[in-house]
Amino acid sequence: MGEERDGVPLTNLDQELFPGAGATKRDLVDYLDVMAGRFLPVLRDRPLSVIRVLRGQDRFMQKNLPKYTPDWVPRASVWADSSHREVTYALANDRRTLFWLGNQRAVEYHPALTTTGSPHPTHLIMDLDPPEDGGFALAVAGARLVRRALADAGLDGAVKTSGAKGVHVFVPLAGTPAPEDVAAAQRAVAARAERLDPELATTAFIREDRHGKVFLDATRAGGATVVAAYSPRARPGVPVSFPVDWADLDRVGPADFTVHTAPALLGERDPWATAMPEPRELPAGLVTEGHTIPVARVQAMHEGKRRARARREADGN
């Protein structure tokens, strides 16, 4: 017999979420239930993409709500330039919607960088990604470089684990910054952090050019998404993206925070809300510098074409 929470029917709660999860669908729904008071504020009014893991299928990212979505699920329609159509996203604004998404096996929650109806990003975001053979400590070292670069520009941010191997730094923004200016400022922060320790960190977008260094990813801008604070990840053990005090970063690891352990570690606290600094306006110098730095994806695309052409010419000789 099925169960309900807040009037939402729940099914197959005792099935494993996905092979190797070490957690059931009930564990996911229980986590969303106990975490709703902290999770909903970081999702509210943000068009939401989710990663679902259906039984016997590969995980996939869902943006457009399926036709069978209940009428009571809040939603927002956003024009997608890439696909030339309107996409109808869920808005996780209430517990019922969280329960419905959990029942759909939505494991990961990736909100937009803007709120519905506004084109202005609310945060400058840096994603610190260690190399394939590097561990979390390298990502932490990269995050500390980013914090130094931010401080030099008069900014500060809160830090969280990504739930994978990396670290995310979120800098709250005041005013109405243009998306292209936020993207430019991110590129400038990354470049400044790289200059602080070029042996440790790199802004090279092409993986083979990173040479074992931490990637200072400044591309989380515009239509991109970033996994939300407190979101589970579709990985073995179901870790969660967890806020950490800067002073504690060297003493933790991603596996410390899972759907099983995170609620007890938090108690009644909401460290993401309390750690977030006061919003600041983007420094003009940072924006100006950033606009002189090529967009990483575009630069990488042109470089990839150049290298492919060079290989073809070499093969022809």
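Residues numbered from 1 in each chain as written. Predicted model: local features only at pLDDT ≥ 70, side-chain atom pairs only at ≥ 80, totals over all residues. Heavy atoms only, no water.

- By the naming in an unreviewed UniProt entry, the protein goes by DNA ligase D, polymerase domain-containing protein and is assigned to Actinoplanes derwentensis.

1. Some details on helix α1 (residues 25-43)
Thinking step 1. For α1, with 19 residues, the first-to-last C-alpha span of 21 Å runs short of the 27 Å given by 1.5 Å per residue.
Thinking step 2. A maximum bend of about 80° is found in α1 at Ala36.
Thinking step 3. For α1, the set of buried residues is Lys25, Leu28, Val29, Tyr31, Leu32, Met35, Ala36, Arg38, Phe39, Leu40, Val42 and Leu43.
Thinking step 4. Immediately downstream of α1, the backbone of Asp45 shows phi near 65°, a positive value. (Helix = DSSP H or I, 4+ residues; strand = E, 2+ residues; numbered from the N terminus. Expected span 1.5 Å × (residues − 1). Bend = angle between axes of the 7 residues up to and from the residue. Buried < 20%, exposed > 50% of the residue type's maximum accessible area, 1.4 Å probe, protein only.)

2. Structural notes on the UniProt feature "domain: DNA ligase D polymerase" (unreviewed entry) in the protein
Thinking step 1. In the numbering used here, UniProt assigns the "domain: DNA ligase D polymerase" (unreviewed entry) feature to residues 24-272.
Thinking step 2. A helix fraction of 28% and a strand fraction of 20% characterise residues 24-272, whose end C-alpha atoms lie 26 Å from each other. (UniProt positions renumbered as here; feature names shortened; annotations may be inferred.)

3. Quick look at the side chain of Asp127
Thinking step 1. Examined against the element boundaries, Asp127 turns out to sit in strand β8 (residues 123-129).
Thinking step 2. For Asp127, a relative accessible area of 8% gives the class buried.
Thinking step 3. One polar contact links Asp127 to His168, side chain to side chain, over a distance of 3.5 Å. (Polar contact = N/O pair within 3.5 Å; in protein donor to acceptor, adjacent residues only side chain to side chain.)

4. Regarding the sheet that holds β8
Thinking step 1. Taken in spatial order, the six strands of this open sheet run β11-β12-β8-β10-β9-β13, and their pairing is mixed. If you trace the sheet from one side to the other, it starts and ends with β11 (201-202) and β13 (243-244), each paired once.
Thinking step 2. By the bridge criterion, two bridges tie β11 to strand β12 (residues 214-217) in an arrangement that is parallel. Bridging across to β12, Thr202 finds its partner in Phe215. (Pairing = 2+ DSSP bridges.)

5. Comments concerning the packing of α1 against helix α2 (residues 95-103)
Thinking step 1. Closest axis-to-axis distance for the α1/α2 pair is 9 Å, and the angle between their directions is 140°. The pairing of α1 with α2 is recorded here as oblique in orientation. As for the relative orientation of α1 and α2, their crossing is right-handed in sense. Touching Lys25, Leu28, Val29, Leu32, Asp33, Ala36, Phe39, Leu40 and Leu43 of α1 are Arg95, Leu98, Phe99, Gly102 and Asn103, all from α2.
Thinking step 2. Looking at the contact of α1 with α2 residue by residue, the classes come out as nine nonpolar, two polar and three charged. (Axes fitted to C-alpha atoms, helices over the stretch in contact; angles between N-to-C directions. Parallel < 35°, antiparallel > 145°, perpendicular 65-115°, else oblique. Left-handed = near helix turned anticlockwise from the far one by under 90°. Contact = heavy atoms within 4.5 Å. Nonpolar A, V, L, I, M, F, W, Y, C, P; charged D, E, K, R; others polar.)

6. Let's talk about the packing of helix α3 (residues 136-152) against helix α4 (residues 179-196)
Thinking step 1. In contact at an axis separation of 8 Å, α3 and α4 are set at 115° when each is read in the N-to-C sense. Between α3 and α4, the crossing angle belongs to the class labelled roughly perpendicular. Crossing angle aside, the handedness with which α3 passes α4 is right-handed. In this structure, α3 contributes Leu145, Val146, Arg148, Ala149 and Leu150 to the contact, and α4 contributes Val189, Arg192, Ala193 and Leu196.
Thinking step 2. A breakdown of the residues in the contact of α3 with α4 according to their chemical character gives seven nonpolar, no polar and two charged.

7. Points about the pattern of salt bridges
Thinking step 1. Under the definition given, this model contains 15 salt bridges.
Thinking step 2. Here Asp250 makes a salt bridge to Arg144, at a shortest N to O gap of 3.1 Å. With a gap of 106 residues between them, Asp250 in the loop between β13 and α5 (262-266) and Arg144 in helix α3 connect regions that are remote in the sequence.
Thinking step 3. Across the salt bridge formed by Arg195 and Glu289, the nearest N and O atoms sit 3.3 Å from each other. With Arg195 in helix α4 and Glu289 in helix α7 (residues 284-290), the pair connects residues that are 94 residues apart, well separated along the chain.
Thinking step 4. Looking at Arg195, the relative accessible area reads 56%, which means it is exposed.
Thinking step 5. Members of the salt-bridge network, linked through shared partners, are Arg5, Asp6, Asp30, Asp33 and Arg95. (Salt bridge = Lys/Arg side-chain N within 4 Å of Asp/Glu carboxyl O.)

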